[in-house]
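So the chains spell out like this:
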Protein chains: 2
Amino acid sequence: MPLLNANALNALIEALRRLPGVGVKSASRMAFHLLQHDRQGAQLLAQALQQAATQVRHCSLCHTFTEDEVCATCRDPQRDRSKLCVVETPADQAAVERTAAFKGLYFVLMGKLSPLDGIGPKDIGLSKLFDRATDGVVQEVILATNFTAEGEATAHVIAEALKARGLKVTRLARGVPAGSELEYVDLGTIAHALVDRR
Amino acid sequence: MPLLNANALNALIEALRRLPGVGVKSASRMAFHLLQHDRQGAQLLAQALQQAATQVRHCSLCHTFTEDEVCATCRDPQRDRSKLCVVETPADQAAVERTAAFKGLYFVLMGKLSPLDGIGPKDIGLSKLFDRATDGVVQEVILATNFTAEGEATAHVIAEALKARGLKVTRLARGVPAGSELEYVDLGTIAHALVDRR
Ligand SMILES: [Zn+2]
Ligand SMILES: [Zn+2]
């Protein structure tokens, strides 16, 4: 459904469709909104995209997004450098940070193993993680990949490789979420909580 | 849920939230996708936003988006200049165009009357429509605003004003959609189809 009579507008709609989850209808709605009601927002978004695309890089230690050679978390002298928590994405790292229960460092995979989608160890930089974890300072690697099939498979591959290199490897506990009633918890979760009982 | 350690990234997430229907979770997902998998797309979108925000204007005749003083449709010598079809948005204009059943010109309101949201006649440029419709060439104004409460109210206000100026004003017929079985058509639609029977 291209809007008529404006090439710059049709080009904008096409470009908005590169965003994940945005089809031609939402792209048209977004373009219409920006041009009719928020041209300042359009300019601001253009600048933000330009800056992020040129300035954001990967931390040379933990691989997360940063504008520096080494990110602020990895530079923080208060952090326990003997513990390394492996997560899939910066959003997962943010979730762990919000708990304030972990004071070590991170490694952000920026993805997960997904053989069906052709995403193998090289695509998520596992060799970089292996180098990072075997720096002689890291004593324990905590696997905090998601508890999905792909996250579990990723954790398994990493655990095997790092144990073979003599490192202590742990996994976040599976279990019943805090505050939930057993009656409403799915069976698989209860089964895991039984196996991981302590 | 700001991603950590990158101001340019947090700024991008904030800017993406200005898009309609985009909350902090989708904005994070979009930013992550662009930076991890499609930096070229980010640059392209930045350029498209910049160009659209600076180049797209309103056609001086029909008010739709265009990069020219007068849009290609209004300039088209094949069009019947005695008929003016009033629509709410460029997307609605595109829908009418796709029927290939109308060869006249358009006026695009770029909105609709919505007293509850404080959108009155001045906000959607009705005086501009009244000037356009009374140029002496236009003989019939066809109201193709949506068949919603607001679209109907908008059509009503325009119809009254233009009839007072001596113009012929018509409205798209309400009725049963082509291909539908009466059993599954809502009562209001059937009632309208009875009233508008021919
Ligand atoms: Zn880092
Ligand atoms: Zn025009």
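Owing to the predicted nature of the structure, the values given are computational and were not obtained by experimental measurement. Every chain is numbered independently, its residues counted from 1 as its sequence is written. To label them, take the chains in the order written and letter them from A, then take the ligands in the order written and number them from 1. Reporting of local features is limited, given that this is a predicted model, to residues whose pLDDT is at least 70; pairs of side-chain atoms are given and counted only at 80 or more, and all residues count toward the totals for whole chains, interfaces and linings. As a convention, hydrogens and water are excluded, and side-chain values are obtained from all of the structure's heavy atoms.

Focus on helix α3 (residues 39-55) of chain A
- Strands here mean DSSP runs of E at least two residues long; helices mean DSSP runs of H or I at least four residues long; both are numbered from the N terminus. Under the convention used throughout, the expected extent of a helix is 1.5 Å for every residue step, that is, one less than its residue count. End to end, α3(A) covers 24 Å across 17 residues, agreeing with the expected 24 Å (1.5 Å per residue, within 8%).
- Every buried residue belonging to α3(A) is among A:G41, A:A42, A:L45, A:A46, A:A48, A:L49, A:A52 and A:A53, and all of these are buried.
- Residue contacts are counted whenever heavy atoms from the two residues lie within 4.5 Å of one another. Taken together, the buried residues of α3(A) touch α2 (24-37) of chain A together with α1 (7-16), α2 (24-37) and α3 (39-55) of chain B. Using a 1.4 Å probe on the protein chains alone, a residue whose accessible area is under 20% of its type maximum counts as buried, one over 50% counts as exposed, and one in between counts as partly exposed.

Considering the domain arrangement of chain A
- Domain delimitation follows an automatic or database domain assignment. As assigned here, chain A comprises domain 1 (8-55) and domain 2 (80-171).
- The C-alpha centroid of domain 2 of chain A is placed 34 Å from the C-alpha centroid of domain 1 of chain A.

Describing the coordination of the zinc ion (ligand 2)
All names here are of chain B.
- As a rule, N, O and S atoms within 2.8 Å of a metal are its donors, except that Na, K and Ca use 3.2 Å; water is not among the atoms, so sites may look incomplete. Within the protein, C59 (SG), C62 (SG), C71 (SG) and C74 (SG) serve as the donor atoms for the zinc ion (ligand 2), at 2.3 to 2.4 Å.
- In these descriptions, tetrahedral denotes four donors with every angle between 85 and 135 degrees, square planar four donors and octahedral six donors with opposite donors over 155 degrees apart and the rest between 65 and 115, and irregular any other case. Geometry at the zinc ion (ligand 2) is tetrahedral, judged from the four donor atoms that bind it and their angles of 105 to 117° at the metal.
- Each donor residue of the zinc ion (ligand 2) belongs to the same chain, and together they define the spacing C-x2-C-x8-C-x2-C. With respect to burial, C59 and C62 carry one shared label: buried.

As for the UniProt feature "domain: Toprim" (unreviewed entry) in chain A
- UniProt positions are given in the numbering used here, feature names are shortened, and annotations may be inferred rather than shown by experiment. Here the UniProt-annotated "domain: Toprim" (unreviewed entry) positions come out as residues 82-177 of chain A.
- The span residues 82-177 of chain A shows a helical share of 35% and a strand share of 20%, and its end C-alpha atoms are spaced 28 Å apart.

Let's talk about the packing of α3(A) against α1(B)
- Only the contacting stretch of a helix is used when fitting its axis, a line to C-alpha atoms as for every element, and angles between N-to-C directions run 0 to 180 degrees. Two numbers describe how α3(A) lies on α1(B): the axes approach to 9 Å, and their chain directions differ by 150°. Relative to α1(B), α3(A) is oriented roughly antiparallel. The handedness of the crossing between α3(A) and α1(B) comes out as left-handed. Here A:L44, A:L45, A:A48, A:L49, A:Q51, A:A52 and A:Q55 of α3(A) come into contact with α1(B), specifically with B:A8, B:A11, B:L12, B:A15 and B:L16. These descriptions rest on fixed angle ranges, namely under 35 degrees for roughly parallel, over 145 for roughly antiparallel, 65 to 115 for roughly perpendicular, and the rest for oblique. We call a crossing left-handed when the near helix sits turned anticlockwise from the far one by less than a right angle, and right-handed when that turn is clockwise.

Some details on the nonpolar core
- Buried residues of nine kinds, namely Ala, Val, Leu, Ile, Met, Phe, Trp, Tyr and Cys, make up a nonpolar core once their side-chain atoms join them within 4.5 Å. Ranked by size, the top nonpolar core spans 66 residues in total, and within it A:L16, A:L19, A:L49, B:L16, B:L19 and B:L49 carry the most contacts.
- Those residues within four positions of A:L16 in sequence are excluded, and the remaining contacts are A:V22, A:A27, A:M30, A:A31, B:L19 and B:L45.

A look at helix α7 (residues 149-164) of chain A
All names here are of chain A.
- In a regular helix each residue adds 1.5 Å, so 16 residues correspond to 22 Å; α7 covers 23 Å between its end C-alpha atoms and thus fits that length.
- Those residues of α7 that are buried are in contact with β3 (80-87), α6 (126-133), β5 (140-143) and β6 (168-171).
- Backbone geometry just downstream of α7 places G166 in the positive-phi region, at approximately 85°.

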